[in-house]
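Below, each chain spelled out in residue letters.
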Amino acid sequence: MWLNFAKPASADILCLLSFVLGTNCATQFQVKLQLTSSKSIDIKFPCGGGRKSAADITGIEMFAPDCEGCRAVRIVNKKKAWHLVAADVVKDPDGELPARWEDTPRQPSWELPRPFQAPHAALAVNSPFGTFSQSTADAILQDMSAGLDFASASASPKSDSGGKRFGVRKAQASPPGAPKHAAKPDAPARRPSLPAGGESVSENGRRFVSRPMPEPGFHLYASLPEFQTLWVSRLLPEGRRPTASSIQVAESALMASVFLQPEFRSADGDALAIFVRRDAVFFAGYRKGEPVLWLRCPSSGGSAAMKSAIVKTLGVGSDLVDSVLNESLIDPRPALEPFVRPILAQLELSLAYLASKHSLKFDHALLMGLDAGAAHWSTYAEEALRLRLVAPDPFGGLVVGKGVESDRASEYLVALGAAIAGAEASQ
Amino acid sequence: MNSSSLHLNLLRPSERLSSSPVRMRVMLPVGAILSCIGLLVWWGVLLTQLVMTKAQSAGIEEELSAKSKEHSEVIRQRDLARELKLQLEQLEFYRAGVRSVAEPLARLAEVVPLRVQLKQLSFTPPPRQVLQPPGMKAPLFGPTENVETQKLVMAGLTTKETPVVSLMESLEGGFERLVTHERKINSFRQDNAEAEGRKLLSFEVEYTMPERRFAK
């Protein structure tokens, strides 16, 4: 709703005032005080929300391939300390993450259990079409121009009505993942522009957001298909706790999960972290709390591949893998070393990059997300790189509430990172 | 340090929904509309009051103009009544100021001694009343002086002094309405006239009459 009460006629001579009362969504309420045609003041009212940090937020990892349900944590800022008041696996929303535009009309409504009914929710989505990467502006623009790279031909809606779906008007006879100009071959191709830092934009059926990195020319960006973003954004209905205040790609949330770690804080935000997920290993570098490196370790699987190698090499049952890694009855090194060495080789390159480009030198790194075997990883890292790997408690830096199970805390890294990032917490 | 640098939020601000049961995007327009309606109702009430007051004022003015004629008539009648009342009052003053001397004069004959012959009995003229002072259109209803004094001059012949003295003594009692005790003997001398072979004496006595008051 915009109400313009007056318009400046001659701004050079008269200092005219015009008031614009604006509320473009449920959480924004601002008054624009226009002094002249070129000068204006935006006054945001406290009730409007805006970009103020959330003091009570639920972080949810959605559609994790290794979990029946959604991992969720709820963190509350009380007396200048973040409290973990709940951590559990909650029931999935009714329905799967849509893989096609056609699936999006089946919009379920999701209600979380009472312990997770915070005012806000930060949703971290595991999507095969999601992107989270460190890249140059040109590469991002190229990605934005390309549209979705998946079987969009079959995913495109059959009806070519061109009507609105979830507030997005689609081009007629154009698959959602395809570039907009594909519908009109005669029209000149429009080159997208890089969005401002932190601003979410839609381009060619995908939702993009990026942030510039300290190294000039590099950006950290994330993207999801538009229909998935819209579908997720409407899962939590309005008027009931919680509602979505943030939608992130799971890897993006993972990167923020170290923010409250005491080691991260004691190093004043200068840290190197290794995130081990089920299917991939990621390196993340931080300088003064700002991300300076995000890299998916190439030619390396995640913890699932590591455990599979142990099972195959040592001939143990899959249920004994954790025991093999944590106890000394069976030496796991024959199976573990071929898996870890390539990762450490890549880590060495990343260390060199951080030292040369950002003058960051580390004698230890944070090893996150690994259930078992951290000691072996650290041994190999010290041998190869003289780098000590520290596996902190994933819930470190948080005041863990009573009744919160912390046995499998490493599984909640994504949910925790989503909550921390969504809260825009300060240290 | 702030984790906002690690926050890559794909959700647009316009897509954020409020978890509050009271939705600002609903309540704000509703509140604005209700405020406008309230203002309109208030202005309507004020306008109605203004119209009613104007109508009342016009009615009062019309009534006033109609009654102003009656009011001037009432004023005129009241002035007339006051004037007539004053006239009546003046008449009452005149009535109070009437000096009745017929009865004392009738009794005077009885007290005049045999040796006294009254030749003249006269009243000095009253002071002239200015009933039309210069500059006044209408004459006054009454005299300017409320008190009027006259003299009674009594002249006659006598044979000797004693009867006159007897007459004056007689007038001292019972003739208060005719004369006062204030008197002045203007003359007492030998006259040329004779009676019974004797020269007669003429006398003239001036009595101050009681004050004539034009008052209740």
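Just so we're clear, the structure is a prediction, and the values are computed from it rather than from any experiment. (Residues numbered from 1 in each chain as written. Chains lettered and ligands numbered in written order. Predicted model: local features only at pLDDT ≥ 70, side-chain atom pairs only at ≥ 80, totals over all residues.)

Chemist: Lay out the environment of B:Ala102 in plain terms, naming residues and giving numbers.
Modeler: As for its position among the elements, B:Ala102 is in helix H2 (residues 102–111). Linking B:Ala102 and B:Leu178, residues 76 residues apart in sequence, is a C-alpha distance of 9.2 Å. (Helix = DSSP H or I, 4+ residues; strand = E, 2+ residues; numbered from the N terminus.)

Chemist: Now, about the interface of chain B and chain A: what can you tell me, with residues and values included?
Modeler: The interface of chain B with chain A comprises 25 residues on the first partner and 46 residues on the second. A class-by-class count of the residues in the side of chain B that touches chain A yields 11 nonpolar, nine polar and five charged. (Contact = placed C-beta atoms within 7 Å. Nonpolar A, V, L, I, M, F, W, Y, C, P; charged D, E, K, R; others polar.)

Chemist: Could you give an account of the confidence of the model for chain A, naming the residues involved and the relevant values?
Modeler: Residue and element names in this part refer to chain A. Mean pLDDT for chain A: 81, with 79% of residues reaching 70 or above. The model gives residues 1–28 a pLDDT under 50, and that stretch makes 65 contacts with residues more than four places away or in other chains. The low-confidence segment residues 151–185 (pLDDT under 50) makes 57 contacts with residues lying over four places distant or belonging to another chain. (pLDDT = per-residue confidence, 0-100.)

Chemist: Quick one: what's the story with helix H9 (residues 374–385) of chain A, residue by residue and with numbers?
Modeler: Residues and elements named next belong to chain A. With 12 residues, H9 should cover 16 Å at 1.5 Å per step; its first-to-last C-alpha distance of 16 Å lies within 8% of that length. Of all the positions in H9, only Ala374, Trp377 and Ala381 are classed as buried. For H9, the buried positions fall inside an angular range of 60 degrees around the axis, keeping them on one side. At the exit of H9 stands Arg386, carrying a positive phi of roughly 55 degrees. (Expected span 1.5 Å × (residues − 1). Buried ≥ 20, exposed ≤ 12 C-beta atoms within 10 Å, placed from the backbone. Arc of directions from axis to C-beta.)

Chemist: Tell me about unusual backbone geometry, residues and numbers included.
Modeler: Residues and elements named next belong to chain A. The amide bond that connects Arg241 to the next residue, Pro242, takes the cis arrangement and shows omega of -15 degrees. Within the fold, Pro242 resides in the loop between helix H3 (226–233) and strand S15 (243–249). Its identity as a non-glycine residue notwithstanding, Asp268 has a phi of 60 degrees, on the positive side.

Chemist: Before we move on, could you go through the packing of helix H8 (residues 333–358) of chain A against H9(A) and cite the residues and values that matter?
Modeler: The relative placement of two packed helices is expressed as an angle between their axes plus a distance between the axes. All names here are of chain A. Relative to each other, H8 and H9 sit at 50 degrees, their axes nearing to 9 Å. The angle between the axes of H8 and H9 places the two elements in the oblique class. The handedness of the crossing between H8 and H9 is right-handed. Every residue of H9 that contacts H8 at Arg333, Leu336, Glu337, Val340, Arg341, Leu344, Leu347, Glu348 and Leu351 is listed here: His376, Trp377, Tyr380, Ala381, Ala384 and Leu385. Split into classes, the residues belonging to the contact of H8 with H9 amount to 10 nonpolar, one polar and four charged. (Axes fitted to C-alpha atoms, helices over the stretch in contact; angles between N-to-C directions. Parallel < 35°, antiparallel > 145°, perpendicular 65-115°, else oblique. Left-handed = near helix turned anticlockwise from the far one by under 90°.)

Chemist: Describe the sheet that holds strand S1 (residues 116–123) of chain B, listing the residues and the values that go with them.
Modeler: Residue and element names in this part refer to chain B. The four strands are arranged S1-S3-S5-S4 in an open sheet whose pairing can be described as antiparallel. Only two strands of the sheet have a single neighbouring strand rather than two, namely S1 and strand S4 (183–195). Recorded for the sheet is a direction-independent mean angle of 15 degrees between the axes of neighbouring strands. The sheet contact formed by strand S3 (residues 151–158) and strand S5 (residues 198–208) spans eight bridges and is antiparallel. Following the sheet pairing, Leu152 is matched in S5 by Tyr207. (Pairing = 2+ DSSP bridges.)

Chemist: Before we move on, could you go through the nonpolar core and cite the residues and values that matter?
Modeler: Ranked by internal contacts, the top residues of the largest apolar core, which has 114 residues, are A:Leu123, A:Ala124 and A:Ile274. A domain split of this core shows at least three residues from each of domain 2 (53–147 + 195–261 + 395–427) and domain 3 (268–391) of chain A. Contacts of A:Ile274, omitting those with residues within four sequence positions, involve A:Val281, A:Phe283, A:Leu347, A:Ala365, A:Leu366, A:Leu367 and A:Met368. Membership of the second largest hydrophobic core comes to 12 residues, among which are B:Leu171, B:Phe175, B:Phe203 and B:Val205. (Core = buried A, V, L, I, M, F, W, Y, C linked by C-beta atoms within 7 Å. Domains from an automatic or database assignment.)

Chemist: Summarise the sheet that holds strand S17 (residues 281–287) of chain A; cite the residues concerned and give the values.
Modeler: Residues and elements named next belong to chain A. Read across the sheet, five strands follow the order S18-S17-S16-S19-S20 without closing on themselves; strand pairing throughout is mixed. A strand with exactly one partner marks an edge of an open sheet, and here the two such strands are strand S18 (290–296) and strand S20 (388–390). On average, adjacent strands in this sheet sit at an angle of 25 degrees to one another, irrespective of strand direction. Inspection of the sheet shows strand S16 (residues 271–276) paired to S17 by six bridges, in the antiparallel sense. Following the sheet pairing, Leu272 is matched in S17 by Gly285.

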